[in-house]
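Structure at a glance
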Amino acid sequence: MAKYTSLVPGVEIDNAAEDFRAALKVEQYRVGKAAVYLPAGFKWEYVPLSAVVSADGSHRNVTAGHCVTVTERKPAVALITDAGSFTLNLDKADSVQKILDAIGK
């Protein structure tokens, strides 16, 4: 059985397993009605949506190569809470809007 751990101290949801089962799958993440789930080995960590102050589309730059460097811009979503910021790194640009629509921020 999977274990679900809140990333925001002191803020937990009642039934994480049920919310996870009904969650929308967006790449490696799951977006439920009560939380956003991030994979962490054989368990899942989550950010409760009640703790999310704002969510914004973002990007990260991935640099590769030694002789000739190549920089690729990759999409991401930043979830801002009172406990800190959490970044969801994505591969597809349309995944950003799917996550933002699902959490309603």
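Predicted model, so just to flag it, every value in this text is computed and none were measured.

**Quick notes on the sheet that holds strand β1 (residues 4-6)**
In space, the five strands of this open sheet follow the order β1-β5-β4-β3-β2, with mixed pairing throughout. Single-partner strands in this sheet number two, and they are β1 and β2 (24-26). For this sheet, the mean angle separating the axes of adjacent strands, direction not counted, is 30°. Note that strand β4 (residues 35-40) and strand β5 (residues 43-48) share six bridges and pair antiparallel. Bridge assignment links P39 to a residue of β5, and that residue is W44. Where helix α2 (residues 94-103) meets the sheet, its contacts fall on β2, β3 (29-31) and β4, and the angle it forms with β2 comes to roughly 155°.

**Overview of unusual backbone geometry**
Phi at E27 is positive, roughly 55°, even though this residue is not glycine. Topologically, E27 is positioned in the loop between β2 and β3.

**Quick notes on the nonpolar core**
Counting residues in each nonpolar core, the largest one holds 20 residues, and the members touching the most others are V36, V47, V77, L79, L88, I99 and I103. Sorting the residues of this core by element identifies β3, β4, β6 (52-64), β7 (70-81), β8 (84-89) and α2 as the ones contributing at least two each. In terms of residues, this core owes the most to one element, α2, which gives four residues. Dropping the residues within four chain positions of it, I99 is found in contact with V26, V31, V77, L88 and L90. One finds A16, F20, A35 and Y37 within the second-largest nonpolar core, a separate group that totals seven residues.

**Digging into the environment of A17**
With respect to the helices and strands, the residue A17 is situated in helix α1 (residues 16-21). Sequence separation of A17 and K3 is 14 residues, and the distance between their C-alpha atoms is 8.4 Å.

Parameters and conventions
- Residues numbered from 1 in each chain as written.
- Predicted model: local features only at pLDDT ≥ 70, side-chain atom pairs only at ≥ 80, totals over all residues.
- Heavy atoms only, no water.
- Pairing = 2+ DSSP bridges.
- Helix = DSSP H or I, 4+ residues; strand = E, 2+ residues; numbered from the N terminus.
- Axes fitted to C-alpha atoms, helices over the stretch in contact; angles between N-to-C directions.
- Contact = heavy atoms within 4.5 Å.
- Core = buried A, V, L, I, M, F, W, Y, C linked by side-chain atoms within 4.5 Å.
- Buried < 20%, exposed > 50% of the residue type's maximum accessible area, 1.4 Å probe, protein only.

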